[in-house]
Amino acid sequence: MTSPLRIGVLASHEGTTLQAILDACAAGEITARVVTVISNNSDSGALRRARAAATEAVHLSSKTHPEPGALDAAIIAALAAQRTDVVMLAGYMKKLGPALLEQYRGRILNTHPALLPKFGGHGMYGMRVHEAVLRAGETESGSSVHLVDAEYDTGRVLAQTQVPVETGDTPETLAQRVQAAERRLLVAVLGQIAQGEYALEGLAARRPPRD
């Protein structure tokens, strides 16, 4: 048996995706622990949620480390201090530094509220994605869990779930259904990774296969 998967979460705002992960871990749906939450916003809901769950909460941003290389190194150090296996971006609105991308290459995950490669790329986030889906007249949308690389939304897609676009949908109503599906998908993917059913580059050496 392996020890629980150690998840480090980077988040910028309210932290609803983080909460879904925390709840799934607490309920035993994922054999994992959130070991640290890092936010570039000192007043973020994500940090409050982390503290409420007795999880390490760390504010690291251009305010704490004005030089980008120093911030990159500080984030790596915070993740390493908690022996993080997998990094999860949960509404993190900053581009990752090159050292962090290299240190955790193949082990950084993100979600996107559409079926990549559609409606991805720079500037495509949040409500903008749902507005674009509706403008394009799509009959379905959904969510993607993908690996993170140096560009926006171009990393390998690990899993997707489809959500029908309904007659009369607004960006807000579509967003609600996509977000609910996204959380279920993310919990399922993290559960597969924790059980060794889905291998990530660089993770096998850190966490030997289950008996």
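Structure shown above.
Residues numbered from 1 in each chain as written. Predicted model: local features only at pLDDT ≥ 70, side-chain atom pairs only at ≥ 80, totals over all residues. Heavy atoms only, no water.

Colleague: Which parts of the structure should I look at to understand the nonpolar core?
Modeller: Across soluble globular proteins, nonpolar side chains have a tendency to be buried as a group. Membership of the largest hydrophobic core comes to 33 residues, with the highest contact counts inside it found for Val9 and Leu109. Counting only elements with at least two residues in this core, the list comes to strand 1 (5–11), helix 1 (16–26), strand 2 (32–39), helix 2 (45–52), strand 4 (86–89), strand 6 (140–147), strand 7 (157–164) and helix 6 (171–194). Considering every element that reaches this core, the biggest residue donor is helix 6, with seven residues. Counting 19 residues, the second largest nonpolar core, distinct from the first, contains Leu10, Ile38, Leu60 and Ala74. (Core = buried A, V, L, I, M, F, W, Y, C linked by side-chain atoms within 4.5 Å. Buried < 20%, exposed > 50% of the residue type's maximum accessible area, 1.4 Å probe, protein only. Helix = DSSP H or I, 4+ residues; strand = E, 2+ residues; numbered from the N terminus.)

Colleague: Got a minute to help me understand helix 3 (residues 68–81) in this structure?
Modeller: Structural remark: α-helix, 3.6 residues per turn; residues separated by three or four positions point the same way. The end-to-end C-alpha separation of helix 3 is 20 Å, in line with the 20 Å expected for 14 residues at 1.5 Å each. Buried within helix 3 we find Leu71, Asp72, Ala74, Ile75, Ile76, Ala78 and Leu79. Check the buried side of helix 3 and you find it contacts strand 1, strand 2, strand 3 (56–59), strand 4 and helix 4 (98–103). Sitting at the amino-terminal end of helix 3 is Glu67, which places a side-chain oxygen 3.0 Å from the backbone nitrogen of Gly69. Phi turns positive one or two residues past the end of helix 3, at Arg83, with a value near 50°. (Expected span 1.5 Å × (residues − 1). Contact = heavy atoms within 4.5 Å. Polar contact = N/O pair within 3.5 Å; in protein donor to acceptor, adjacent residues only side chain to side chain.)

Colleague: Would you mind showing me how to read the sheet that holds strand 5 (residues 108–112) here?
Modeller: Across a sheet, strands are paired by hydrogen bonds formed along the backbone, either parallel or antiparallel in direction. In spatial order, the strands read 3-2-1-4-5-6-7; together these seven strands make up an open sheet with mixed pairing. Strands with a single pairing partner mark the edges of an open sheet, and in this sheet they are strand 3 and strand 7. Each adjacent strand pair in this sheet contributes to an overall mean axis angle of 20°, direction not counted. As judged from the four bridges shared by strand 5 and strand 6, these two strands associate in the antiparallel manner. (Pairing = 2+ DSSP bridges. Axes fitted to C-alpha atoms, helices over the stretch in contact; angles between N-to-C directions.)

Colleague: I tried to follow the packing of helix 5 (residues 127–135) against helix 6 on my own but got confused; where do I start?
Modeller: Between two packed helices, the angle of one axis relative to the other and the distance separating the axes together describe the packing. Axis separation between helix 5 and helix 6 bottoms out at 9 Å; the angle between their running directions is 115°. Here helix 5 lies roughly perpendicular to helix 6, going by the angle between them. Every pair of crossing elements has a handedness; the one defined by helix 5 and helix 6 is right-handed. Of helix 6, the residues touching helix 5 (which contributes Met127, His130, Glu131, Val133 and Leu134) are Pro171, Glu172, Leu174, Ala175 and Val178. Classifying every residue of the contact of helix 5 with helix 6 by side-chain character gives seven nonpolar, one polar and two charged. (Parallel < 35°, antiparallel > 145°, perpendicular 65-115°, else oblique. Left-handed = near helix turned anticlockwise from the far one by under 90°. Nonpolar A, V, L, I, M, F, W, Y, C, P; charged D, E, K, R; others polar.)

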